[in-house]
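Coordinate analysis (summary)
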Amino acid sequence: MTHGISIQLNNFLAAFILLTSFALLAQRRIYGLLVIFAWQGFFLSLSSAIVAYTADIRHLYVSAALTLLLKVIVLPYILYALINKLNIFREVEPLVNIPTTMLIGVALVIFSYHLTAPVRELSTLFTRTTLAVALSTVLLGFLMMITRKKAVTQVIGFLAMENGLFFAATSATYGMPLVVELGVALDILIAALIFGIFIFQIRTTFDTLDLTEMEKLKEDS
Amino acid sequence: MSAPALTTLGVSHTEIILTSVCALLLCGFLAPFFHNREKFFTSLFFPVIALASFVSFAASFLAVGSGLTENYLISAGLPGLPFHVRLDPLSGFFITVVSLLSFFVSIYSVGYVKTFIGRQPISVIAVFYPLFIAGMIMTLLANDAFFFLMGWEVMAISSYFLVLYEDRNPKNRRAALLYVVMAHVGALSILLSFAVMAGLGGVGQETFQGYTFDAMRSASHTPFWAGVAFLLAFVGFGAKAGVVPLHVWLPEAHPAAPSNVSALMSGAMLKTAVYGILRVTFDILHVSQLWWGELVLIVGLLSAIMGVLYAIVENDLKRLLAYSSVENIGIILVGMGLAMIFYFFHMPLLSALAVTAALYHALNHAMFKGLLFMGAGSVLHATNERNMENMGGLIHKMKWTSAIFLAGALSISALPPFNGFVSEWLTFQAFLMSPSLTSQRLNLLIPLGAALLALTAVLSASAFVKAFGVSFLGQARSKHCAEAHESPWSMRIGMLLPAVVCLLLGVFPSSVINWMSSTSSLLVGETIAKSASGFGWAWLTPVAAQRASYSAPMLLLGIISVLVIVFITLHARKNAIHRVPPWDCGYGGLTPRMQYNSTSFAMPSRLIFGFFFRLKETVKTDLFHKRSPAFPGKMKYSLRVRDRFWGLLYMPVIDAVFRMGKLTAKLQHGRIHIYLAYSFATVIILLLMVL
Amino acid sequence: MNILEQLLTEAMQIALTALAAPLFVGWVRMLKCWSQGRRAPGILQPYRNLLKLFSKDILLAENASWVFRATPYVVFGTILMAGSVIPVISSELPLSASADIIALVALFGIARFFTALAGMDVGTSFGGMGSSREMMIASLAEPAVLMTAFTVSLFSHSTSLSVIVKYVQGLSFFLSPSMAFVFFAFILIMLAETGRVPVDNPVTHLELTMIHEGMILEYSGRHLALMEWAGMMKLFVFSSLGIALFSPWGIASDVAGVPFALLLVALKLTAIGVIVVLIETGMAKMRIFRVPEFLGTAFLLATLGMLSHFMLE
């Protein structure tokens, strides 16, 4: 595989990661969200494998494998089990309507492109062009957390944000040191478990997962 | 193209145009003396105006074609500041537009104004109509601030009286008031802008020489003051052009005026504002900052989209046309904004492309909007109806008007082979060249603007499918529309000519671009005339044949030949045609009321773009039918669409003015001594200040 | 190529558009029957339908004006004209220079404008409803169309179709995310513009769901035949546009290559038919007010294509 082709492939995967971020925003069914999230993880792991191969960095293979294991198989499975167990209503309920969210998303992409321009100028890595995509993925994940009602969708948004950060690390510096990555992976796993417990608790307390209900927690003034 | 300039015959173009202006002014002043024999007078009077307009058109057309510039001095006016007159390709272009439309409208007016005889005294129209045209041409000819503003005011005041013409309707009085207020806010802003530019010139402030455009042109402007001057001029001219959010007067005033005047106001008067923006930004201030272009582009896009959305939901034919003018001014501004951006980045050829698109659209809009307003006037004349909900089926009674209106609708919907498409296509080409800009931010954002313009183009087609479909097609929705009649010949000719021009402008774009090449050279120092016809006269290739090409003659020829061949082949074999009632699902008894009407046609757009409107929709149901309680009884639906900007921008200002008024009212006592005391205090304060 | 060869290729292009369109539609309908477990009427059925309609008398609504009677001819002419500018068998198509992508879209615009007017001409509610909805869908599709054209022109620096074809042919290996996005956007646009499921259903005559059929409900005889034929050509033209933009390999550059190009076009169209039928069978028709979201997705995809061209390429 020549350098040129791997750049093309990596860019292609970056584009698909961006697409999955938008798909997460557009999806109306919770199961659909899980599938898209798994795809995003898959593209991510493929991209880091390519970077590992091209730049010849061994530990990135480990990250790639870890991503594949955690984000494509384990986390979606945990969430799937959770949704099934709690018998959650399967429609995503947006706070802001979906087309508007999309337009905001496009604006965020342009913004992050604008923001990462100086880095692109300075960096010499072949992955530098994907940094804008990584940043947009983070911002779009954040946007998803803001504009959705349900706790489960927010968890997925959070995980998508983490995907973006991971991708940013790969594209800006060819990934973080292995120790850090392992730590992050563990964190994510634990976070998912804690989220699971939280969601369960919210559900038992309020009888719903609608986060607007949390407003009731504040003191009446 | 180098047209044989009249100068070879020893005649100055400027003098010819000025002569026709004088003729128009004279017509206005003589008109009151003829109020006894109105019918005879109308048949004589409007042809004279048409002739004057035509002379002015011919002179300016030739002047633009040969690209000459003439300066002229009239020793009248203020002491030390004679009227400076200048005919250059820019003013010549707009004089051509204005006087060509005036020519058509004046022919139309012969028949149209006669319909007022016996209902209204026509002397008001007879006085102010020629003054209005003269004012526009004077504005365009002016080469100093005073003469410009004089022409501007003649134009504004005379059009105010024309809007007020049917003053028995209180709505029209309100529209005229709103119009005159907005016109003067705009004029004030323009005056300030001129003052800033003149002040910066710094030459001959004692002798008023700073107020000539020549002095302003050569003055060196600091970026800040140049920005201030631009902003003031943009607000002032924008108010006249009706850009969002300064557009509120337009949908009130244009429909209120008699239709021939609406045609002139929409087709010609708005163009003088476009001219003003071009003159100030390109010719005088030389587009020194990037944000000017960005601002013009954004405002243009906003006007285009808002204008067309309001046009779609409108039920009044003339108001629909007025809102569509807002849209078209937006498209012109988009072209200008792009031209300014390209100019700033030193890309003269692309800037020439964009500015040609804008100028071309200005010319086109004058033709088809004039035509459409005249068409609406014919409908009004035949049915006394502006509300489309009561129209329908007019195509059977008004064959000419409907065919001509359809031509106008095709032009304005940017469909080939008519002219609207050429200018929109050029604008899109300018958009498509934006990736060659060196600014990354603009690279990403400008394509979104192009998408917005595309949305506008089809929405406007949608609005005109509605306008034509609801008013001319289908079955008559009211009795007076079923009994409509065709307009007199003069009106038909007045409409037919611009329709032909629309088609010609659409089919021979490269000749038109050739003709206006001197204007674009004056503005941006470059022209696309050479590259546009580089592939042969029949092809329009704005930058290069490799880049994009369009050939209206080929398309037209192709479509017509297919049409003819198919028609002949199919008619070789005679199949009978039986007239039958339309399909009624077997229930029987279709009534005209069951047709889709204007409100229902616009319903999807209202729903999707509901955010942009202030909608008030109510459905009242009498719960049960009297005899059979299983069915609901009478239902009543009412819908009110309001302009969002009115509440957002204007109501606060109006409220503030009233509050100020109440405050100042406290100074009023009605006692003469108090007033004298005020004067006394003022004198004392002034004396102190002098000290 | 000399003049004679040019005229020959052009004549073949026009003949292909007009004559192969019913065959293509026949293929799509046949596949659809199979996918639903029905027996297909044969691939030539559209021709038989057209012939039947041409020989019938015309029932014209009492209120119909000349607009209604002229529309079938105008629509047929413009769509055939659109077909004649798309270089699908030879990139040296002489008429191709007379309209670029934007002008091509405008040609469809003429056909749509007149169809919508014809829908309103008779003065029934079905026609008006169809016109209103058609114009809505068209206006929402337009930004996506323009954005698609914009992105394609970013690559080839041209909106002229034969230049684009030659440019894409010149690329050896290319894996471009923006082209991929634009391709998906194009499929969505094509489904919407040619009135296929999930936006409109070409076989329905259920009053409340029809859009295109609503507008042409009052047509009969040769008028209906022309409208139907034009509809078939529209599907064909959009498919050829897809071929020209996204898979132009094999399009000939001289007369000698045309037979081979024809074969390839036939193969590609066969594949497109399969894709269209798979989508149509797999999806249900949408509620009309879900269509904005559908077309919004198309716009988003095209915009992402444009953005990723600048960001990643």
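Presented here is a report on the structure given in the accompanying data block.

In this section: the packing of aromatic side chains. Taken as a whole, this structure holds 62 aromatic pairs over all chains when the rule is applied. Ring centres of Phe-16 of chain A and Phe-181 of chain C lie 6.1 Å apart, and the angle between their planes is 50°; on these two criteria the pair is classed as tilted. Separated into two different chains, Phe-16 of chain A in helix 1 (residues 3–26) and Phe-181 of chain C in helix 7 (residues 177–193) make up a pair that spans both. Taking the relative accessible area as the measure of exposure, Phe-181 of chain C reaches 0% and is therefore buried.

This part covers the nonpolar core. Counting 420 residues, the largest nonpolar core has Phe-22 of chain A together with Phe-94, Phe-148, Trp-249, Met-265 and Leu-278 of chain B as the members making the most contacts within it. Top contributing element to this core by residue count: helix 13 (residues 348–383) of chain B, with 22 residues. In this structure Trp-249 of chain B touches Leu-178, Tyr-179, Met-182, Ala-239, Lys-240, Gly-242, His-254, Met-265, Met-269 and Leu-270 of chain B, once residues within four positions along its chain are discounted. If you look at the next biggest cluster of nonpolar residues, it comprises seven residues, including Ala-52, Ile-57, Leu-60 and Tyr-174 of chain A.

Here the focus is the interface of chain B and chain C. Taken together, the contact between chain B and chain C spans 76 residues of the former and 78 residues of the latter. The contact between chain B and chain C buries some 6,800 Å² in all, and 74% of this surface belongs to carbon and sulfur atoms. Considering only the surface of chain B that becomes buried against chain C, Asn-575, Arg-579 and Tyr-596 of chain B emerge as the three largest contributors, covering 9% of it. Summed over the shared surface of chain B and chain C, the result is zero salt bridges. Counting the contacts that link chain B with chain C gives 29 residue pairs in polar contact (both at pLDDT 80 or more). For the side of chain B that touches chain C, the secondary structure elements donating two or more residues are helix 14 (394–397), helix 15 (399–412), helix 16 (419–432), helix 17 (440–472), helix 23 (552–571), strand 3 (577–580) and helix 24 (598–608) of chain B. Top contributing element to the side of chain B that touches chain C by residue count: helix 17 of chain B, with 16 residues. Class assignment of the residues belonging to the side of chain B that touches chain C gives a composition of 55 nonpolar, 18 polar and three charged.

This part takes up the environment of Lys-466 of chain B. Residue and element names in this part refer to chain B. Locating Lys-466 in the fold gives a position in helix 17. Distance in space between the C-alpha atoms of Lys-466 and Phe-34 is 43 Å, their sequence separation being 432 residues. Other than its neighbours up to four places away in sequence, Lys-466 contacts Ala-311, Ile-312, Val-313, Glu-314, Asn-315, Leu-320, Met-388, Ser-471, Ser-598, Phe-601 and Ala-602. At 2.7 Å, the side chain of Lys-466 forms a polar contact with the backbone oxygen of Glu-314. A polar side-chain atom of Lys-466 sits 3.0 Å from a polar atom in the side chain of Ser-598.

Attention now goes to unusual backbone geometry. All names here are of chain B. For the bond from Pro-416 to Pro-417, the omega torsion is 0°, close enough to zero to count as cis. Relative to the helices and strands, Pro-417 resides in the loop between helix 15 and helix 16. Of note in this structure, His-286 is not a glycine but carries a positive phi near 55°.

A few words now on the interface of chain A and chain C. On the side of chain C, 17 residues touch chain A, which itself brings 21 residues to the contact. Surface buried jointly by chain A and chain C totals about 1,800 Å² across both partners, of which 80% is contributed by carbon and sulfur atoms. Counting across the chain A and chain C interface gives one salt bridge. The interface formed by chain A and chain C holds three residue pairs in polar contact (both at pLDDT 80 or more) in total.

A separate point is helix 21 (residues 517–524) of chain B. Think of an α-helix as turning once every 3.6 residues; residues three or four places apart then point the same way. Among the eight residues in helix 21 of chain B, six count as buried, and that is most of the element. Following helix 21 of chain B by one or two positions, Gly-525 of chain B has its phi on the positive side, about 75°.

What follows deals with a positive patch on the surface. Residue and element names in this part refer to chain B. A cluster of like positive charges, contributed by Arg-614, Lys-616, Arg-640 and Arg-642, occupies part of the molecular surface. Elements with a minimum of two residues in the positive patch: strand 4 (613–621) and strand 5 (635–643). Inspection of the secondary structure assignment puts Arg-640 in strand 5.

What counts, and at which threshold
Position numbers for residues count from 1 along each chain, tracking the sequence in the order it is written. Working convention: letters from A go to chains and numbers from 1 go to ligands, in the order in which they are written. Two thresholds apply to this predicted model, a pLDDT of at least 70 for residue-level local features and 80 or more for giving and counting side-chain atom pairs, whereas whole-chain, interface and lining totals are computed over all residues. Here the side-chain values reflect all heavy atoms present in the structure, with hydrogen atoms and water set aside. Aromatic rings from Phe, Tyr and Trp, with only the six-membered ring used for Trp, were paired whenever their centres fell within 6.5 Å, and each pair was classed as stacked if the ring planes differed by under 30 degrees, edge-to-face if by over 60, and tilted otherwise. Strands are runs of DSSP state E lasting at least 2 residues, helices are runs of H or I lasting at least 4, and numbering of each runs from the N terminus. With a 1.4 Å probe rolled over the protein chains alone, any residue whose accessible area is under 20% of its type maximum counts as buried; one over 50% counts as exposed, and the rest are partly exposed. Take the buried Ala, Val, Leu, Ile, Met, Phe, Trp, Tyr and Cys residues and link them wherever side-chain atoms come within 4.5 Å; each set so joined is a nonpolar core. Contact definition: two residues touch when any of their heavy atoms are within 4.5 Å. Buried area is a sum: the accessible area each of two parts loses on coming together, probed at 1.4 Å, counted once for each and added. Between Lys or Arg on one side and Asp or Glu on the other, a salt bridge is scored when a side-chain nitrogen of the former is within 4 Å of a carboxyl oxygen of the latter. Polar contacts, as used here, are pairs of N or O atoms within 3.5 Å; protein pairs need one atom able to donate a hydrogen and one able to accept it. Residues neighboring in sequence count only if both atoms are side-chain atoms. Under the scheme applied here, ten amino acids are nonpolar (Ala, Val, Leu, Ile, Met, Phe, Trp, Tyr, Cys and Pro), four are charged (Asp, Glu, Lys and Arg), and all others, including Gly, are polar. Note on patches: the residues involved have over 30% relative accessible area and no salt bridge, like charges join within 9 Å, and the nonpolar side chains Val, Leu, Ile, Met, Phe, Trp and Tyr join within 5 Å. Only the protein chains shown count as cover for residues, and the accessible areas themselves come from Shrake-Rupley with a 1.4 Å probe. None of His or the chain ends enter the tally, which takes Lys and Arg as positive and Asp and Glu as negative. Throughout, a charge is located at the NZ atom of Lys, the CZ atom of Arg, the CG atom of Asp or the CD atom of Glu.

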